[in-house]
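These are the residues of each chain, in order.
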Amino acid sequence: MNVLGLVWLSHASAWAWKTSLSASVLIFAVWISQRVFGKRMPVKLGYLLWLCALFRLILPFAPNADFSAIRLPQGILHPADQNAEPIWLHSTVAPKAAVPQVLTPPIELTVVPDAKQVRPRTSGTSWWLSAFPLLWAAGAALYFAVILHQHRRIARVLSDCQVPPGSKLARLVAQTGTSLGLKTPVQVCEILSSQPPSLFGFFRPRLIFPKALLDELSETELGMIILHELMHVKRKDVLLNWFMILVQGLHWFNPFAWLAMRRLRAAREMVCDAEVLAATGSSARQTYGETLIKLAGRFARLSAASSTVAIFSNQTEIHRRILMIAKFKPATRLAAFGSAIVILVVLCLAFTERSKAPTIQAPVNEIAGQTNAAVKTGNRIEILKRQLEMQTDRTSMLEAELEMLRKKYRITELEENGKADGASSRSQLLETLHVEAERDYAQVDGLLQRVQKLSKTEFRKVAPILVPDPVLSQLYTDLVLSEQKLADLNAVYAQEHPEVKRVRQVVEVVNRQINERLDGIVDGLRAKTAAAKEKAQNLDMEAERAKAREIERASARRPYLNVKRQLENQLLFKDKLQARLAEEELEAALRN
């Protein structure tokens, strides 16, 4: 695994650790509230509270709020998640520049009761915190591998499952789906194994039903079980179930997360029970309860796969569900309003975090007094030396990482020095050529527009000026000479004289050649304009492609630039620290 992968894994595991600890507070509070108000708490309120716990476990970040109920001490967080800031030892000649927070290791100053000694204490990291990212990734991968193996095994079993459309089970499923308004048809799969009735698949939902159970249940009991399972389809509980699997895999190390997912599945089934009773009426409570008891007795020691939504997850929840069914009452508006208030309070208190306790920093005068006391005991220079050693080690690590990234991205010496590389030079060259081509196109197009606005007679007069052409100039010269010669002959001979006719034919030929040449010049201007336009467009596209490649290249090298920037800041801080140490040693030498 490369450095970037390790950095990402470290941040991901730190997020999982922090989020899991924050959510554990909410999970514990919901569990306590259900233990205290379990019988009096509405079913949907309990379900919504556990849903809040689920989404708190996957929350990318939590906004800061002073009223939040969650505040974790920094000592139990992953070191990468702490933003401890070192205390810069000030004096009357200390530099005023602030040291970048991300570049300085956490250092705490511990003052003894007599305030005569200051010693550094670096924050330690236990071995299990160091190994936690790899352990977390391995545990999550193992959990997801097991779930996917179970899912594929069930999919293979159901691939050969076929139920006649006219069977009793298929008919009841179709009727129930129509009454619930389901848009997605539910396929029925009768199996021989003793798995409880369950739902499998989200895009192509399939109802898994054991064949042995068909003969033991009446049509009414069978209809209630089908109604319960299709309620899951209507409520999109299969998608919610995969979301729960994802959350449980990311927080596999947290027993509170396992508790929350187990209680959420139980609450989900109780909500579906309430939906079934609301649809069938309170008169069906006894039949529905007896059906669940019959199923619990038959499937007492069996458990469904995690990727399926079974009619019950474990037998221990049956007792609570039976009590709910026996005392079921439709939710009133007052209960709904109270539930909404409770959920709103939970969101405000548990989906935020109290701001981290600010780093306690004494005022400048107090720090100066403490450092003066440290000078008297001879520890001030020692503190600076230790800090310098730490910064030197960090600088070496950044240099090694930068060298590795330089080789990875094949960065040349010219790029290292900030000069343009081949890609950027090509982009600039193409941009320059495009500007020149646009200028040439504008000139040729402008000339063509002016020529097209002129009549043929006007264009013939101004053509030698607008479009200099050696051939056209020679033709104009020949025309002038021929016309002059014709005028001289007309003065001596009659119009029918052979010499006059010959010269007149020469004049006509020259005029025709001039007209053809002018038409050729106009056609040439059109062709030149089209070529100039196409050239400008091609250069524009080439320049845009070169810019896109340059941007893509710069984006790919962003990790290198980030590390380079960190190294520059680190070197600056190290230089200041060395200057400060030299200053302290000089002052100590002068006092001695």
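Residues numbered from 1 in each chain as written. Predicted model: local features only at pLDDT ≥ 70, side-chain atom pairs only at ≥ 80, totals over all residues. Heavy atoms only, no water.

Caption draft 1: Spotlight on a nonpolar patch on the surface. On the surface, Phe28, Ile32, Val36, Phe37 and Phe256 cluster together into a nonpolar patch covering about 430 Å² of accessible area. Assignment of secondary structure puts Phe37 in helix α1 (residues 3–37). (Patch = residues over 30% accessible without salt bridge, like charges linked within 9 Å, V, L, I, M, F, W, Y side chains within 5 Å. Areas by Shrake-Rupley, 256 points an atom, 1.4 Å probe, with all protein chains shown as cover. Salt bridge = Lys/Arg side-chain N within 4 Å of Asp/Glu carboxyl O. Helix = DSSP H or I, 4+ residues; strand = E, 2+ residues; numbered from the N terminus.)

Caption draft 2: Geometry of the nonpolar core. Counting residues in hydrophobic clusters, the biggest one holds 35 residues, and the most contacted among them are Phe209, Leu222 and Ile226. Where this core is concerned, the elements lending two or more residues are α4 (168–180), β5 (206–210), α5 (211–214), α6 (219–234), α8 (255–280), α9 (285–298) and α10 (318–326). The greatest single-element share of this core, amounting to eight residues, is contributed by α6. Not counting the four nearest positions on each side in its chain, Ile226 is found in contact with Leu169, Leu172, Val173, Thr176 and Leu207. Counting residues in each nonpolar core, the second largest holds 24 residues, with Leu26, Val247, Ala260 and Leu264 among its members. (Core = buried A, V, L, I, M, F, W, Y, C linked by side-chain atoms within 4.5 Å. Buried < 20%, exposed > 50% of the residue type's maximum accessible area, 1.4 Å probe, protein only. Contact = heavy atoms within 4.5 Å.)

Caption draft 3: The arrangement of the packing of α4 against α6 in detail. Where α4 meets α6, the closest approach of the two axes is 9 Å, and the angle between their N-to-C directions is 50°. When the interaxial angle is binned, α4 and α6 end up oblique. In this structure, the crossing between α4 and α6 has a hand that is right-handed. In contact with Lys168, Leu169, Arg171, Leu172, Val173, Thr176, Gly177 and Leu180 of α4, α6 contributes Glu219, Leu222, Ile226, Leu227, Leu230, Met231 and Lys234. (Axes fitted to C-alpha atoms, helices over the stretch in contact; angles between N-to-C directions. Parallel < 35°, antiparallel > 145°, perpendicular 65-115°, else oblique. Left-handed = near helix turned anticlockwise from the far one by under 90°.)

Caption draft 4: Representation of the confidence of the model for the protein chain in the model. Taken over all residues, the pLDDT of the protein chain has a mean of 77, while the share at 70 or more is 74%. Within the protein chain, the element-level pLDDT minimum falls on strand β1 (residues 107–111), averaging 39, and the maximum on helix α7 (residues 237–250), averaging 92. Of the regions scoring below 50 in pLDDT, residues 77–125 engages in 108 contacts with residues more than four places distant in sequence or in other chains. (pLDDT = per-residue confidence, 0-100.)

Caption draft 5: Region of interest: the packing of aromatic side chains. Here the structure, examined in full by the defined rule, presents 10 aromatic pairs. Where Tyr143 meets Trp258, the ring centres are 5.9 Å apart and the plane angle is 85°; that geometry is what we call edge-to-face. Highlighted residues: Tyr143 in helix α3 (residues 127–159) and Trp258 in helix α8, separated in sequence by 115 residues. We classify Tyr143 as buried; its relative accessible area is 13%. What makes Trp258 partly exposed here is its relative accessible area of 38%. Put simply, the rings of Trp17, Phe132, Trp252 and Phe253 touch in pairs and so form one group of aromatic residues. (Phe/Tyr/Trp six-rings, centres within 6.5 Å; stacked < 30°, edge-to-face > 60°.)

Caption draft 6: Just the environment of Ala53, in detail. Looking at where Ala53 falls in the secondary structure, it is placed in helix α2 (residues 43–57). Look at Ala53 and you get buried, because its relative accessible area is 0%. Considering only alpha carbons, one finds Ala53 and Leu26, 27 residues apart in sequence, at a separation of 6.4 Å. In this structure, Ala53 is in contact with Leu26 and Ile27, ignoring residues within four places of it in sequence.

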